[in-house]
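# An overview of the molecular structure
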Amino acid sequence: MSKLRPDTLRESRHPHSAELYQRACRVIPGGVNSPVRAFRAVGGTPLFIARGAGAQVFDADGRAYLDFVGSWGPLIAGHAHPAVLAAVTEALSRGMTYGAPCAAEVELAEQVVACYPAAEQVRFVSSGTEAVMSAIRVARAFTARDLIVKFAGCYHGHADHLLVAAGSGLATFGRPSSAGVPEAFTACTRVLPLDDEAALEELFRREGARIAALIIEPLPANHGLLPQRREFLTRLRELTSEHGALLIFDEVISGFRLARGGAAQLFRIAPDLATFGKVIGGGMPVGAFGGARRIMARLGAPGARRLALLDVVARGGRAAHRSRPGGARGCALCRAVSRPARARHLPAAVRLRDLLPVTRARQCRSHAF
Ligand SMILES: Cc1ncc(COP(=O)(O)O)c(C=O)c1O
């Protein structure tokens, strides 16, 4: 009797999944929309899921499974929780998208900020990848530096400059890890081994003044679970602060699950920026990044951009302002700039050099705060 191949066996047990897979392969490369859904590592064809309820999923052939995947993490309330369904249905009945602000985003932002103290402000995006890309762009804008440091074994989504494999030996220059990523895109990414303080310190000694941000999964979970020593994470905090670089915690997996305030709460380490994934949308395609107000202000409203043109320098200006007798209050021009800064909670001091005729500039400098 000839032996059945595992594929054939699975197909005979899951004819509807097998048929869907065949159809999918005609119109979707590899038949799946993410490598993690392919069954290459375990053999056979992927199961196609028809529905989920609580802790179970049911495949296209009606078989029930206990679901340990949970859509790769975000479904902390399980599948089709009645309260979630009711909230989503109610929201859908009011229309899906407006291209304009709405109350729900303010409420969600308030909840994220309440749970995660390091995020004084958040910006919503559509995925964890976008959250990371945006946080890095903000870090680069804020520090006016280019280099990004990541760790081997940590995954931060599929942005080109993060699809990087570690270089050999002491060279921490990243090499593209995916076809289609030009070397020029990874030239500003450095890759370090996890839990290696010597390599970390050597890199900061060499290139610290050029590093915009260091990003880490505070509980690396994409290469198996690689818990880090608190001392190592603390050293990251210290070194980034010493060198004027930003520390980004990628909490796409750990956020709102490891603790309500993510790994930052558990380790009692406040990053400068943090990124979140679909967990904040109950599994729907949502992401967010957040951080200190002075950093997030880089993304601010047009008013904040105009202030930046006037060279607003963040240094807790409000207190300094008050402490100087006869400060900016006497100068109409400084007042015009400092009022909107205060209204936007920007701890701003204003330098008005370069943009003003010398006499006015002198006058304003004498009112500097
Ligand atoms: C730690 C981490 N960051 C970022 C991402 C990217 O998120 P998304 O798949 O929503 O783009 C992932 C995805 O698995 C992740 O695990």
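Scroll up a little and you will see the structure.
Summary of the structure given here. Every chain is numbered on its own, with residues counted from 1 as its sequence reads. It should be noted that, the model being predicted, local features are given only for residues of pLDDT at least 70 and side-chain atom pairs only at 80 or more, the latter also being counted only at that level, while totals for whole chains, interfaces and linings use all residues.

A few words on helix α7 (residues 197–207). Residues of α7 that are buried include every one of L200, L203 and F204, and no others. Buried residues along α7 cover an arc of 95° about the axis, so they all sit on one side. Residues of α7 that are exposed and angled more than 90 degrees away from the buried face: A198 and R205. Along its buried surface, α7 packs onto β5 (147–151), β8 (189–192), β9 (211–216) and α8 (230–242). As a rule, residues whose C-beta atom has 12 or fewer other C-beta atoms within 10 Å are exposed, those with 20 or more are buried, and those in between are partly exposed; C-beta atoms are placed from the backbone. To qualify as a helix, a DSSP run of H or I must reach at least 4 residues; to qualify as a strand, a run of E must reach at least 2; elements of each kind are numbered from the N terminus. What the arc describes is the spread of directions from the helix axis to the C-beta atoms. Once C-beta atoms have been placed from the backbone, residue pairs whose C-beta atoms lie within 7 Å are recorded as contacts.

Placing the C-beta atom from the backbone, one calls a residue near a molecule or strand if that atom lies within 6 Å of it. The full set close to the ligand counts 15 residues, and S127, G128, T129, G157 and V252 are the nearest of them. Among the elements that line the shell around the ligand, the one with the most residues is helix α5 (residues 128–143), at three residues. Here the nonpolar group is Ala, Val, Leu, Ile, Met, Phe, Trp, Tyr, Cys and Pro; Asp, Glu, Lys and Arg are the charged ones; every other residue, Gly included, is treated as polar. Split into classes, the residues belonging to the shell around the ligand amount to four nonpolar, eight polar and three charged.

Bringing the sheet that holds strand β12 (residues 287–291) into the picture now. Strands pair, by our definition, only if DSSP identifies at least two bridges between them. Taking strand neighbours across the sheet as the criterion, the seven strands line up as β4-β12-β11-β10-β9-β5-β8 in an open arrangement whose pairing is mixed. Looking at which strands have only one partner, the edges of the open sheet turn out to be β4 (121–125) and β8. The average undirected angle you get between the axes of adjacent strands in this sheet is 20°. The pairing of β5 with β8 spans four bridges and is classified as parallel. If you follow K150 over to β8, its bridge partner there is V191. As a rule, the C-alpha atoms of each element are fitted with a line to give its axis, helices using only the stretch in contact, and angles between N-to-C directions run from 0 to 180 degrees. Helix-sheet contacts for α5 involve β4, β5, β9, β10 (246–250), β11 (273–276) and β12, and the interaxial angle to β11 is about 165°. Seen against the sheet, α8 touches β9 and β10 and runs at an angle of roughly 145° to β10.

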